[in-house]
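So you can see what is in the structure, the chains are spelled out below.
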Amino acid sequence: ELQNNSYFIVCSSAGPRNEYDTNCYIGKYDTSSMEITFGYFPYNITEGHTTHGMAITRINSNTFLICYGEYIYREGVCIVGTVVGDFENGLNTPIKYGNKIQLDERRDIDSVKMIHLDQTTLAICYTATVNNIGACRLASVVEVGTSGEYTIIIGDDTFNYQFDGIDSPTVFRV
C-alpha cells in the first residue's frame, strides 16, 4: 500500500490464467464519500507472461516494492516502482520501474508476503512449491546515491521454515 494524500497502488496480472500483462494502477480513496477512483492508464511491469503470488509494500511516499513468481517456472523476482513527480498528475502520474532483483533462484515461487521489520529492513516470505518449502529472506532498502530512487538488497541467506508442503503463508510483526 502506498499512502500519499489518499493515493494507493493496486497491481494485478490480467487475462485468462494471467497470460497477458502485469500492471499497476494509481487509485485514490475518499473516506467521507466512501468512493475509490482509478487512473486511466495501467503501468506495465511485465508484458505477455504470467506472474504468481504477487505482494506489494510501501517503501516511502512515492516508492513501492513488488515481488512475485515470474513466467511459467515462477522464478522469484522483486521490482521497485516509483510514482514520478510526487503524484503531480494525480491518478494519471506515470510509474517507472527499476531492474528486476532476484528473490530466489528456485522455481515455483508463489504466495509472496512482505513485512517491514524496521524502517529499512523487510522480511520477504514465500513458498517454493517445487521443493515443498516455506522460506523467508531479509532485504535492505537503500537509496541509490542522492537521486531519491531506491532499490533493495536481498540478503544471501534463505531461511526455510517448513519442509513438508505449505500453502498460503502469511506473516505479521508482533
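This structure is a prediction, so every number in the text was calculated from the model and none was measured.

1. Structural notes on the state of the cysteines
- Considering all chains together, one arrives at three disulfides under this definition.
- Across the disulfide from Cys67 sits Cys78; the S-S distance is 2.1 Å. Between Cys67 and Cys78, the S-S torsion sits near 105°, and that sign places the bridge as right-handed. Of the two residues, Cys67 is situated in strand S6 (residues 63-70) and Cys78 in strand S7 (residues 75-83); the sequence distance between them amounts to 11 residues. Both residues of the pair, Cys67 and Cys78, belong to the buried class.
- Sequential numbering of the bridged cysteines in the chain gives the disulfide pattern 1-2, 3-4, 5-6.

2. Considerations on the pairing of strand S2 (residues 22-30)
- Relative to S2, strand S1 (residues 7-13) runs antiparallel, the two being bridged by seven bridges. Opposite Ser12, over in S2, you have Asn23 as the bridge partner.
- In this structure, S2 lies alongside strand S4 (residues 43-46), joined through three bridges in antiparallel fashion. By the bridge assignment for S4, Thr22 is matched with Thr46.
- Turn length for the S2-strand S3 (residues 35-38) hairpin, with the two strands adjacent in sequence and antiparallel, is four residues, and the turn residue Met34 shows positive phi of about 55°.

Definitions and limits used
- Residues numbered from 1 in each chain as written.
- Predicted model: local features only at pLDDT ≥ 70, side-chain atom pairs only at ≥ 80, totals over all residues.
- Heavy atoms only, no water.
- Disulfide = S-S within 2.5 Å.
- Helix = DSSP H or I, 4+ residues; strand = E, 2+ residues; numbered from the N terminus.
- Buried < 20%, exposed > 50% of the residue type's maximum accessible area, 1.4 Å probe, protein only.
- Pairing = 2+ DSSP bridges.

Function cannot be inferred from these measures alone, as they are strictly geometric.
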